[in-house]
Amino acid sequence: MIVQQQVIEVLGTVLNLGNRTASLAADTPLLGALPELDSMAVVSLLTGLEERFGFAIDDDEVDGTMFATVGTLAQFVERKLTQ
Amino acid sequence: MNSARAWFEPTPDGSRFMLAHDPVGEPRGTIVYAPPFAEEMNRSRRMAAMAARAFAQAGWRVLMPDLRGCGDSAGDHGDVVWIDWVEDLRRVIAQADPSRPLWLWALRGGALFVPAMLEQRPDAHVLLWHPVVDGQQQLQQFLRLKSAGSVAGAGESVDRKTLLAQLERGESIEVAGYTLAPGLALGMAAARCTPRLKQLGRAVWMDVGATSSVEPSPGTAMRLNAWREAGWRVEFEMVEGLPFWQTQEIAECEALITHSIHQINRELP
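Residues numbered from 1 in each chain as written. Chains lettered and ligands numbered in written order. Predicted model: local features only at pLDDT ≥ 70, side-chain atom pairs only at ≥ 80, totals over all residues. Heavy atoms only, no water.

Quick word on the overall build of chain A
Regarding its fold elements, chain A presents three helices and zero strands. When the elements of chain A are put in sequence order from the N terminus, they spell out α-α-α. At 12 Å, chain A has a C-alpha radius of gyration in line with the 12 Å of a compact globule built from 83 residues. Oriented by its inertia axes, the alpha-carbon framework of chain A measures out at about 30 × 30 × 20 Å. Within chain A, the proportion of its 83 residues that are buried is 53%. In the structure as shown, chain A presents an accessible area of about 3900 Å², 52% of it carried by carbon and sulfur atoms. Separation of charge centres in chain A, based on 4 positive and 12 negative side chains, amounts to 5 Å. (Helix = DSSP H or I, 4+ residues; strand = E, 2+ residues; numbered from the N terminus. Rg over C-alpha atoms; globule rule 2.2 N^0.38 Å. Buried < 20%, exposed > 50% of the residue type's maximum accessible area, 1.4 Å probe, protein only. Areas by Shrake-Rupley, 256 points an atom, 1.4 Å probe, with all protein chains shown as cover. Lys, Arg positive; Asp, Glu negative; His and termini not counted. Charge placed at Lys NZ, Arg CZ, Asp CG, Glu CD.)

In structure tokens, the structure reads:
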């Protein structure tokens, strides 16, 4: 399964998007667009990604730009996987 | 109709608020609630209250304490050390009728207190709701509210290394409006929800997820293994619903309540 699809699955699970998960695409905005994405949800998302992909995300890797869209988040994960 | 009573329990370091839901007639036994940590406790309050009323209606006496520094209990959150909460819960267990069944009902981080609670009543049954089994992970996630908080507009970020260094120097830290003393952080980081005694009662583990299932998620499967390796038989169930301890909109999961009642009222052969 490609990384973006896995990231969408994590988003759907962590944010409980239910049916809305299917409508997520690379250009879907996240931060600022999804009201569910408060600080507790951001933390759950980081943990969810770590568990799903088996890596650890350092604090200094985290900034707002990674959460701009589904696509930017998927790119972040892809970069981490090739490290 | 069952009734709810509230009172303040005196302790050596101030009073503790206690809420008891009693059934009509003789209780089947007692259920003692071990609540989640910080904001998860706030967000799950309504669901916990709903569940307690339903358990009482199903014949159980339910004891729900506010731990030191939480809710209506005495003390500042910033003065709490981990052992305070362990002692609070042990004190509640001491009030349970020793001649009747006892269920330890833990939601999320409340599970971290279960091994200590079992030491007091080794015959108790355990009902875990989407438990946090690793206190170090709970601490890390809590610190992340501050280190990743600025992303979600929750104030300036301070990285976890800095926060941990502060704690190690003996300084309290402030995260998401909660003051955390070193003694609370250290105790939490060392806590694990893995059994230390031989199994005498039942263990029921219920996760909440997108679909109902008898199969746990890979993460939970790993954590269940730790129990099984300790020789415990754990009855697992995933119930469909929202993570009500985390959602911004107050959510409920009735299915979790009805499935739990089915489990605790089940007569085993």
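A few points about the pairing of strand β3 (residues 29-34) of chain B
Residue and element names in this part refer to chain B. Taking burial as the measure, the six residues of β3 include six buried ones, the bulk of the element. Of the two faces of β3, both are covered, the one formed by G29, I31 and Y33 as well as the one formed by T30, V32 and A34. Sheet analysis places β3 next to strand β4 (residues 60-65), joined by four bridges and oriented parallel. Considered in β4, the bridge of T30 is made with R61. With five bridges connecting them, β3 and strand β5 (residues 102-107) associate as parallel partners. Its bridge partner lying in β5, Y33 is registered against W105. (Pairing = 2+ DSSP bridges.)

That's the geometry; what it means functionally is another story.
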